[in-house]
Amino acid sequence: MKILYVTSEAVPFCKTGGLADVAGSLPPALAEQGAEVAVVLPLYERVRDRFGSQLKFECYDYVDLAWRHNYCGLFSMEKDGVTWYFLDNEQYFSRGTLYGQADDGERFAFFSRAVVRMLDRFKFWPEVVHCNDWQSALVPIYLKDDGVREDRYRSIKTVVTIHNIEYQGRYNPYVLGELFGLDAGWVKDGTMLLDGDANLLKGAILCADAVNAVSPTYANELKMPYFAHRMEGVMRQCSDKLYGVLNGIDMKLYDPRTDSRILQTFSAEDMTGKDACKAELQRMVGLREEPHTPIVAMVSRLVSHKGLDLICEVLHDMMELPMQLVVLGTGDQRYEDFFGWAAQQYPGRMSVRMDYNEDLSMAIYAGADLFLMPSKSEPCGLSQMIAMRYGTVPIVRETGGLKDTVQPCESWRDAGNGFSFANYSSGDMLHVIREAVYLYKDYPDVFGRLRQRAMSGDFSWARSAREYLRIYATITGLAWPLHNDTRRAAETPEEAAPVEETAPAVEAAPVEEATPAVEAAPVEEATPAVETAPVEEAAPAVEAAPVEEAAPAVEAAPIEEAAPAVEAAPVEEATPVEETAPVEAKPAKKTQKAASKTTSKAAKAEKKTEKKTSSKKGTAGKKKSAE
């Protein structure tokens, strides 16, 4: 299977958020599963500065975007079994930052248009193009638009991954032709129109063959107004092609046993290095060196949906607990001002760093004891997975991927791998923090086992890659050598439960148990065909139910042999009402099974039947075969 992965950032080349981690890890995981994968992203200035000497120039072309006719260079690089392509245009991509420019709409429209234009120059023609967020949302739209004129584009299937639906790419609809080179019909027919804007993400969702969110819970949340940012109607409309695949992390990169980025390595079996990392973290950020005081940490963007309002409400109550707090991140000015002021109120017990520092973040993951993520919404979240890998137990709100990855601690039966609360409430959050702190302080053995369970979780990309390959196989119709567990999940009900497998269940029913059930049932509801049909008319009823459809496993019982068992019912006791004798498969099956009984059993049945009064129900043709 040939897959082209389109992204605006990817580690190790460039990163601003979780998308880069996904784009840097998923394609190699797909390649390990046997797929042929290429990734395409812009050639930013920072990528050229760091990796320019390793890039190979492939070719160049010109890309038409509305009235523009711009140069586009193509560079490549082989890494981790994946071909990485970079689209070059200094006017658009030689910037100090990846996003936040006034012309972002034009920049990423050029990127999307160039991806489609340069398909001929890649080493394979893709069967699936996998896009991410609004920056590449125009790719499925351009493929649909070009497919009207060129048949070759119609063979390409598209997948769109929503990492955070809050960012949709919304623009004035009157610039659709001027900015994106698209006909106004894309807005007039409603494909790209939402709340009066041209919405790029909406257009991609409607045009794509499959849409997936980055966790199963988030996929369900996107159908709710609270989480969908005005897109809940679109997501419900596309629910038949909506999937939820949980993100993973690079288990080799984030491995405390081998990670050279932390002060001292450690493992779940030997936590000595964890203690050293904790002492080093306290020295780095100016906290008191207290080995038995738990450190609660946050590594996050300081924005509202990360749940910072809850912390602001109860920070002083939190600091009354025997704990230390460290915060790393940047964001909205009001939160930066608040945390800066709070750190001054608790010197030696609270530390705040207003920047993004990779080395410090790894020191926090390795040295902290508890990791706080009270998010209002969290599509997936990678920080809680990384924290667990380093033995830092998460405290999360049950939303999105946080709910899918963190199971609440039940210390009485040694279950769970973290702490969680459901309501978006500062009181609930404070209660869980208090529970976690005192479990650490008062029950170190229980907390140690909890920490070991957190460290042993499987958050690898191999699991996620198999799920994505199943989606690709579904939309392309291509067979894929999936693992047994995934193949069974993808099978249809008919394939998963063959007809032959049902026969043993019918044969296994003991005769003694079946007989009372038949006798207790009313004549009209249970078996009208056997009781009311004369012996002479029973044979045609048996012939009307084909043996192959009723019970394939019982084909060995000839129809002609059914007569002796049926004759056991006296003719004079039956009420010949031909109209009420339906042709049913169930009596036919029972008659056939009765045919396999021996002559001696049939004789016994005759004697037993003769003794019954006319009010008793005839059961001679109902007995189950034990063969």
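Attention here is on the structure that accompanies the text.

Parameters and conventions
- Positions within a chain are numbered from 1, following the residues in the order the chain's sequence is written.
- In keeping with the model being predicted, local features are shown solely for residues with a pLDDT of at least 70 and side-chain atom pairs are shown and tallied solely at 80 or more, while totals for entire chains, interfaces and linings include all residues.
- To get the side-chain values, take all heavy atoms of the structure and skip hydrogens and water.
- Here a strand is any run of E in DSSP of at least two residues, a helix any run of H or I of at least four, and the numbering for each starts at the N terminus.
- Categorising residues by exposure relies on relative accessible area from a 1.4 Å probe, with only protein chains included: less than 20% of the type maximum marks a residue as buried, more than 50% marks it as exposed, and the intermediate range marks it as partly exposed.
- Accessible areas in this description were obtained via Shrake-Rupley with a 1.4 Å probe; residue shielding takes into account the shown protein chains only.
- We define a salt bridge as a side-chain nitrogen of Lys or Arg found within 4 Å of a carboxyl oxygen belonging to Asp or Glu.
- Centres within 6.5 Å make a pair out of two Phe, Tyr or Trp rings, where for Trp the six-membered ring is used; the pair is then stacked when the planes are under 30 degrees apart, edge-to-face when over 60, and tilted otherwise.
- When the NZ atom of lysine or the CZ atom of arginine is within 6 Å of a ring's centre and also within 35 degrees of its normal, the charge is said to sit over that ring.
- In this analysis, two residues are considered to be in contact whenever any of their non-hydrogen atoms come within 4.5 Å of each other.
- Pairing between strands is defined by DSSP: at least two bridges between them are needed.
- Every angle, taken between N-to-C directions, lies between 0 and 180 degrees, and every axis is a line fitted to C-alpha atoms, over only the stretch in contact when it is a helix.
- When the strands point away from the viewer, a crossover counts as right-handed if the route from the first strand across the helix to the second turns clockwise.
- An angle counts as roughly parallel when it lies under 35 degrees, as roughly antiparallel when it exceeds 145, as roughly perpendicular when it falls between 65 and 115, and as oblique in every other case.
- For patch detection, residues must exceed 30% relative accessible area and be free of salt bridges, and they are connected within 9 Å for like charges or within 5 Å for nonpolar side chains (Val, Leu, Ile, Met, Phe, Trp, Tyr).
- For a helix, the expected span equals 1.5 Å multiplied by the number of residues minus one.
- Throughout, the arc means that of the directions going from the helix axis to the C-beta atoms.

## A word on the overall build of the protein chain
Logical step 1: When helices and strands are tallied, the protein chain shows 30 helices and 18 strands.
Logical step 2: For the protein chain, the residues scored as buried account for 53% of the 627 residues in total.
Logical step 3: Just so you have it, the protein chain exposes about 28,000 Å², and 50% of that area is on carbon and sulfur atoms.

## Let's talk about the pattern of salt bridges
Pairing between side chains of opposite charge can happen when the charged atoms of each approach one another.
Logical step 1: Using the criterion set out here, one finds 30 salt bridges in the structure.
Logical step 2: Where Arg107 meets Asp104, a salt bridge forms, and the shortest distance between an N and an O atom there is 2.7 Å. Taken together, the residues Arg107 and Asp104, both in helix α4 (residues 104-117) and three residues apart, mark about one turn of the helix.
Logical step 3: Given a relative accessible area of 0%, Arg107 falls into the buried group.

## A closer look at the packing of aromatic side chains
Logical step 1: In the structure shown here, the tally under the stated rule is 23 aromatic pairs.
Logical step 2: The structure contains a cluster of three or more aromatic residues connected by ring pairs, namely Tyr99, Phe108, Trp134, Tyr171 and Phe180.
Logical step 3: It is Arg113 that lies over the ring of Tyr142; its NZ or CZ is 4.5 Å from the centre.

## Notes on the environment of Met318
Logical step 1: By secondary structure assignment, the location of Met318 is in helix α13 (residues 308-319).
Logical step 2: Met318 sits 116 residues away from Arg434 along the chain, and the two C-alpha atoms are 7.9 Å apart.
Logical step 3: Residues within four places of Met318 in sequence aside, it is in contact with Ile311, Met323, Leu325, Leu372, Met429, Leu430 and Ile433.

## Overview of the sheet that holds strand β8 (residues 170-171)
Logical step 1: In spatial order, the strands read β8-β10-β9; together these three strands make up an open sheet with antiparallel pairing. Only two strands of the sheet have a single neighbouring strand rather than two, namely β8 and β9 (193-194).
Logical step 2: As defined by bridge partners, β9 adjoins strand β10 (residues 197-199) across two bridges and the pair is classed as antiparallel. Paired with Leu194 across the two strands is Asp197, which belongs to β10.
Logical step 3: Helix α8 (residues 200-207) contacts β8, β9 and β10 of the sheet and is inclined by roughly 45° relative to β10.

## Observations regarding the sheet that holds strand β2 (residues 36-42)
Logical step 1: Across the sheet, nine strands lie side by side as β3-β4-β5-β2-β1-β6-β7-β11-β12; this open sheet has mixed pairing. Each of the sheet's edge strands pairs with one partner strand only, and the pair in question is β3 (56-65) and β12 (242-244). Neighbour-to-neighbour, the strand axes of this sheet turn through a mean angle of 25°, independent of strand direction.
Logical step 2: As judged from the three bridges shared by strand β1 (residues 2-6) and strand β6 (residues 128-132), these two strands associate in the parallel manner. Following the sheet pairing, Leu4 is matched in β6 by Val129.

## Considerations on the pairing of strand β16 (residues 370-373)
Every regular strand shows the same layout, with side chains that alternate between the two sheet faces.
Logical step 1: Residue alternation in β16 divides its side chains into two sets, Leu370 and Leu372 and Phe371 and Met373, and both sets are buried.
Logical step 2: Relative to β16, strand β13 (residues 295-299) runs parallel, the two sharing two bridges. Residue pairing for β16: Val296 is matched across the bridge by Leu370.
Logical step 3: Of the pairings in the sheet, the one linking β16 to strand β17 (residues 393-397) comprises four bridges and is parallel in character. Paired with Met373 across the two strands is Val396, which belongs to β17.
Logical step 4: For the handedness criterion, the β-α-β arrangement of β16, helix α16 (residues 383-389) and β17 is classed as right-handed.

## Details of helix α5 (residues 138-147)
Logical step 1: Counted residue by residue, α5 has nine buried out of 10 residues, so it is predominantly covered.
Logical step 2: Looking at α5, one finds that the buried residues are Leu138, Val139, Pro140, Ile141, Tyr142, Leu143, Asp145, Asp146 and Gly147.

## A look at the packing of helix α1 (residues 18-32) against helix α20 (residues 461-476)
Logical step 1: Where α1 meets α20, the axes come as close as 9 Å, and the angle between the chain directions of the two elements is 70°. Taken together, the axes of α1 and α20 are roughly perpendicular relative to one another. Of α20, the residues touching α1 (which contributes Val22, Ser25, Leu26, Ala29 and Leu30) are Trp461, Ala465, Tyr468, Leu469 and Tyr472.

## Looking at the side chain of Asn164
Logical step 1: By the secondary structure assignment, Asn164 is in the loop between β7 (157-162) and β8.
Logical step 2: For Asn164, a relative accessible area of 14% gives the class buried.
Logical step 3: If we ignore the near neighbours within four places in the chain, the residues touching Asn164 are Asp133, Tyr218, His305 and Pro379.

## Regarding a nonpolar patch on the surface
Logical step 1: Taken together, Phe57, Tyr60, Tyr62 and Tyr71 make up a surface patch of nonpolar side chains, about 400 Å² in accessible area.
Logical step 2: With three residues, β3 is the largest single contributor of residues to the nonpolar patch.
Logical step 3: Here Tyr71 shows up in strand β4 (residues 68-79).

## A word on the pairing of strand β14 (residues 324-328)
Logical step 1: Buried residues dominate β14, accounting for five of its five residues.
Logical step 2: With burial as the criterion, each face of β14 is covered, one bearing Gln324, Val326 and Leu328 and the other bearing Leu325 and Val327.
Logical step 3: Here β13 pairs with β14 via five bridges, running parallel. Looking at β14, one finds that Met298 is bridged to Val327.

## Here we look at helix α14 (residues 333-345)
Every α-helical turn comprises 3.6 residues, leaving residues that sit three or four positions apart pointing alike.
Logical step 1: Look at α14: 19 Å from first C-alpha to last across 13 residues, which is about the 18 Å you get at 1.5 Å a residue.
Logical step 2: Tyr335, Glu336, Phe338, Phe339, Ala342 and Ala343 are the residues of α14 that are buried. Buried residues of α14 fall within an arc of 165° about the axis and therefore sit on the same side. Exposed and oriented more than 90 degrees from the buried face of α14 are Gln333, Arg334 and Gln344.
Logical step 3: Those residues of α14 that are buried lie in contact with α13, β14 and β15 (350-353).

## Description of the environment of Asn423
Logical step 1: Along the chain, Asn423 turns up in the loop between β18 (419-421) and α18 (426-442).
Logical step 2: You can call Asn423 partly exposed: its relative accessible area is 49%.
Logical step 3: With 25 residues separating them along the chain, Asn423 and Glu398 place their C-alpha atoms 8.0 Å apart.
Logical step 4: If sequence neighbours within four positions are ignored, Asn423 has contacts with Arg397 and Asp428.

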